[in-house]
Amino acid sequence: MPTVVVMDVSLSMTRPVSIEGSEEYQRKHLAAHGLTMLFEHMATNYKLEFTALVVFSSLWELMVPFTRDYNTLQVVLVTDGCLGIGRGSLRHSLATHNQRSENNRFPLPFPFPSKLYIMCMANLEELQSTDSLECLERLIDLNNGEGQIFTIDGPLCLKNVQSMFGKLIDLAYTPFHAVLKCGHLTADVQVFPRPEPFVVDEEIDPIPKVINTDLEIVGFIDIADISSPPVLSRHLVLPIALNKEGDEVGTGITDDNEDENSANQIAGKIPNFCVLLHGSLKVEGMVAIVQLGPEWHGMLYSQADSKKKSNLMMSLFEPGPEPLPWLGKMAQLGPISDAKENPYGEDDNKSPFPLQPKNKRSYAQNVTVWIKPSGLQTDVQKILRNARKLPEKTQTFYKELNRLRKAALAFGFLDLLKGVADMLERECTLLPDTAHPDAAFQLTHAAQQLKLASTGTSEYAAYDQNITPLHTDFSGSSSDRM
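Parameters at a glance
Residues numbered from 1 in each chain as written. Predicted model: local features only at pLDDT ≥ 70, side-chain atom pairs only at ≥ 80, totals over all residues. Heavy atoms only, no water. Helix = DSSP H or I, 4+ residues; strand = E, 2+ residues; numbered from the N terminus. Buried < 20%, exposed > 50% of the residue type's maximum accessible area, 1.4 Å probe, protein only. Contact = heavy atoms within 4.5 Å. Core = buried A, V, L, I, M, F, W, Y, C linked by side-chain atoms within 4.5 Å. Pairing = 2+ DSSP bridges. Axes fitted to C-alpha atoms, helices over the stretch in contact; angles between N-to-C directions. Parallel < 35°, antiparallel > 145°, perpendicular 65-115°, else oblique. Nonpolar A, V, L, I, M, F, W, Y, C, P; charged D, E, K, R; others polar. Expected span 1.5 Å × (residues − 1). Patch = residues over 30% accessible without salt bridge, like charges linked within 9 Å, V, L, I, M, F, W, Y side chains within 5 Å. Areas by Shrake-Rupley, 256 points an atom, 1.4 Å probe, with all protein chains shown as cover. Salt bridge = Lys/Arg side-chain N within 4 Å of Asp/Glu carboxyl O. Phe/Tyr/Trp six-rings, centres within 6.5 Å; stacked < 30°, edge-to-face > 60°. Lys NZ or Arg CZ within 6 Å of the ring centre and 35° of its normal. Lys, Arg positive; Asp, Glu negative; His and termini not counted. Charge placed at Lys NZ, Arg CZ, Asp CG, Glu CD. Left-handed = near helix turned anticlockwise from the far one by under 90°. pLDDT = per-residue confidence, 0-100.

Novice: It is not clear to me how the overall build of the protein chain should be interpreted in this structure. Could you clarify?
Specialist: Helix and strand content of the protein chain: 13 helices and 15 strands. Looking at the protein chain as a whole, 38% of its 482 residues qualify as buried. Sequence-distant contacts, at least 24 apart, represent 66% of the contacts inside the protein chain between residues at least 6 apart.

Novice: Whenever I open this one, the nonpolar core confuses me. Can you help?
Specialist: As a rule of thumb, nonpolar side chains are buried together in soluble globular proteins. Counting residues in hydrophobic clusters, the biggest one holds 28 residues, and the most contacted among them are Leu38, Val78, Met119, Met121, Phe165, Leu168 and Tyr173. Contributing elements (two or more residues each) for this core: strand E1 (3-8), helix H1 (27-45), strand E4 (51-56), strand E6 (73-79), strand E7 (114-123), strand E8 (147-152) and helix H5 (158-172). Non-local contacts of tyrosine 173, meaning those with residues more than four positions away in its chain, are made with Thr3, Leu38, His41, Met42, Tyr46, Gln74, Val76 and Leu168. Membership of the second largest hydrophobic core comes to 27 residues, among which are Phe397, Ala407, Leu450 and Ala461.

Novice: Got a minute to help me understand the pairing of E1 in this structure?
Specialist: Consecutive side chains of a regular strand alternate in pointing toward one face of the sheet and then the other. Taking burial as the measure, the six residues of E1 include six buried ones, the bulk of the element. Every second residue of E1 is oriented toward a common face, with Thr3, Val5 and Met7 on one face and Val4, Val6 and Asp8 on the other, all of them buried. In this structure, E1 lies alongside E4, joined through six bridges in parallel fashion. Along E4, the bridge assignment pairs threonine 3 with threonine 51.

Novice: How do you make sense of the packing of helix H10 (residues 394-411) against helix H12 (residues 437-454) when you look at a structure like this?
Specialist: Each pair of packed helices can be summarised by the angle the axes make with each other and by the distance between the axes. Running from N to C, H10 and H12 point in directions that differ by 10°, and their axes come no closer than 12 Å. Taken together, the axis directions place H10 and H12 in an arrangement best described as roughly parallel. Residues Phe397, Tyr398, Leu401, Arg405 and Leu409 of H10 touch H12, and the partners they reach there are Gln442, Leu443, His445, Ala446, Leu450 and Ala453. Its residues assigned to classes, the contact of H10 with H12 shows eight nonpolar, two polar and one charged.

Novice: Just to check I follow, could you spell out H10 for this structure?
Specialist: Side chains of residues three or four places apart in an α-helix project in the same direction, reflecting 3.6 residues per turn. Between the first and last C-alpha of H10 there are 26 Å, a value that for 18 residues agrees with the 26 Å anticipated at 1.5 Å per step. Where H10 is concerned, the buried positions are Thr394, Phe397, Tyr398, Glu400, Leu401, Asn402, Leu404, Arg405, Ala407, Ala408 and Leu409.

Novice: Before we go on, may I ask you to explain a nonpolar patch on the surface in this structure?
Specialist: A cluster of nonpolar side chains, namely Val367, Val369 and Ile371, defines an oily patch on the protein surface of about 330 Å² accessible area. Along the polypeptide, valine 369 turns up in the loop between strand E15 (310-316) and helix H9 (373-387).

Novice: Honestly, the packing of aromatic side chains in this entry has me stumped. Any pointers?
Specialist: The geometry of an aromatic ring pair comes down to the distance between the two centres and the angle between the two planes. In this structure the tally under the stated criterion is three aromatic pairs. Both rings, one in tyrosine 117 and one in phenylalanine 150, keep their centres 6.4 Å apart while their planes meet at 50°; by these two values the pair is tilted. You can see tyrosine 117 sitting in strand E7 and its partner phenylalanine 150 sitting in strand E8, a full 33 residues away along the chain. On the basis of relative accessible area, tyrosine 117 is assigned to the buried category, the value being 5%. Residue class for phenylalanine 150 comes out buried when judged on its relative accessible area of 6%. Each ring, one from tryptophan 370 and one from phenylalanine 411, has its centre 5.6 Å from the other, and the planes form 65°; the classification is edge-to-face. Separated by 41 residues along the polypeptide, tryptophan 370 in the loop between E15 and H9 and phenylalanine 411 in helix H10 bring together distant segments of the chain. For lysine 406, the ring lying beneath its charged end belongs to tyrosine 463, and the centroid distance is 5.6 Å.

Novice: I'm lost on a negative patch on the surface in this one. Help?
Specialist: A cluster of acidic side chains, namely Glu341, Glu346, Asp347 and Asp348, defines a negative patch on the protein surface. Tracing the backbone through its elements, the reader meets glutamate 341 in the loop between E15 and H9.

Novice: Is there a simple way to think about the packing of H10 against helix H11 (residues 414-429) in this case?
Specialist: For the pair H10 and H11, the least separation of the axes is 8 Å and the interaxial angle reads 150°. Classified by the angle between their axes, H10 and H11 sit roughly antiparallel to one another. Of the two elements, H10 crosses H11, and the hand of that crossing is right-handed. Contacts between H10 and H11 involve Phe397, Leu401, Leu404, Arg405, Ala408 and Leu409 from the first element and Leu414, Leu416, Leu417, Val420 and Leu424 from the second.

Novice: In this structure, what is going on with the confidence of the model for the protein chain? I would like to understand it.
Specialist: For any part of a model where pLDDT is low, the fine detail of the predicted coordinates should not be relied upon. Residue-level pLDDT values for the protein chain average 83, and 84% of them are 70 or greater. With pLDDT under 50 throughout, residues 250-256 is counted as low confidence; its partners more than four residues away or in other chains account for nine contacts. Of the regions scoring below 50 in pLDDT, residues 477-482 engages in eight contacts with residues more than four places distant in sequence or in other chains.

Novice: Can you help me understand the sheet that holds strand E12 (residues 233-239) in this one?
Specialist: Sheets are built from strands paired through backbone hydrogen bonds, the pairs being either parallel or antiparallel. The strand order around the closed barrel built from seven strands is E9-E10-E12-E15-E14-E13-E11, with neighbouring strands paired in mixed fashion. Averaged over all adjacent pairs, the angle separating strand axes in this sheet is 40°, with direction ignored. Sheet analysis places strand E10 (residues 185-192) next to E12, joined by four bridges and oriented antiparallel. Pairing of valine 189 across the sheet is with proline 239, part of E12.

Novice: I tried to follow the environment of threonine 186 on my own but got confused; where do I start?
Specialist: Mapped onto the secondary structure, threonine 186 falls in strand E10. Between the alpha carbons of threonine 186 and glutamate 216 there is a distance of 9.1 Å; along the sequence they are 30 residues apart. The contacts of threonine 186, once residues within four sequence positions are left out, are Val179, Leu180, Lys181 and Phe273.

Novice: Where do I start with the pairing of E15 in this structure?
Specialist: Within E15, seven of the seven residues are buried, leaving the element largely enclosed by the surrounding structure. Judged by which residues are buried, E15 turns out to be covered on both faces: Ser310, Leu312, Met314 and Leu316 on one side and Asn311, Met313 and Ser315 on the other are all buried. Bridge count between E12 and E15: four bridges; the pairing is antiparallel. Residue pairing in the sheet places leucine 236 in a bridge with methionine 313 of E15. Both strand E14 (residues 296-304) and E15 contribute to a ladder of seven bridges, which runs antiparallel. Following the sheet pairing, methionine 299 is matched in E15 by serine 315.

See below:
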């Protein structure tokens, strides 16, 4: 999750902090020390993390902007907890946030999913002596309760600031390391970004589900069979090379670039199952089904960033025994060798998927879909073509007319019914003298019924009702069979 660091550089942050046996520090110096620790941790363990830095006092300035747009953010607010006085202060803004206009609204809650972490350059006793802690807690509450307040334990010093930022790192910025397994082959990997706990149902099953640190591959399947499934989240799977002592190769803070390049070269020469798997999936056009937990699966696949670069990705399915209905239950999938005959055929020219559902679903019926204007235009033209061939096409005319009527009622598209009714009335006036007398009667009747349905009243706009042909002395046997 990308991070926005917001640092308070108001006058109160320049208050001195006396540290015994050292030079005098200001609170903003402590904040800068803690942020340096956080950024160094990201540079080492979260190299793909994007971070923006904003400083503010009475005004604000974006110091380091994002290079991409994001829907979800982590906001880290660094402040000394002083609320300020007068108009425009945090205390005044919280007191009047419900009275603000749409053009001058309070920034919380943020208009995007986020977590707000507040890092206070003050200890708990200092905040509790005023109403600062209560106001900061209100900020968290206004952001839907997503976030936490951190304070310095003990006196204000560099060591205690490091300890406070260490707690933030442990909570929100610890890299997710796992072991990828396939039979006897294993690889140590980092999953980025870190998978968030997932709650299936807050009422039935409120306990968050977390994925295992042992990611076991249970099988492989063609990309065409898996198609484009719905997923909870997508993550990069990065190999972690370990030396003989079990320490990571190519990680940690190095003194210069040469040491880091040397470590990366060593890591590149060590065989790694993760690299083998990525290349195999890419060449064979398959995905690997991975077990994330009890009745929880995901898939590993190769995704190309460009023509020359691709990455091993992992997508998480929704927990459950049957996350992808067209594959059936995951527990019932097995190797081809267990089948009596090859389900893909002798020439691999067929597929056993998608599985046909036992019960015919409502979405499997022939329904009318107007995604594009051309689809609607085609259906209207079909009605007009049959209208010009009445009474021979009476049966087809009313069939198409009722199909359009049902779709318009389902979509609430009542203006369409009136528009088609006007078209039918126009067609009636354009009938040639040689036209069958029944054609005019049927067109007038159909137009009247559509106009009644366009009113939306329950008597004439019932979805399960059909418009039936008008029985006249000219009606043929074809219309009587309707």
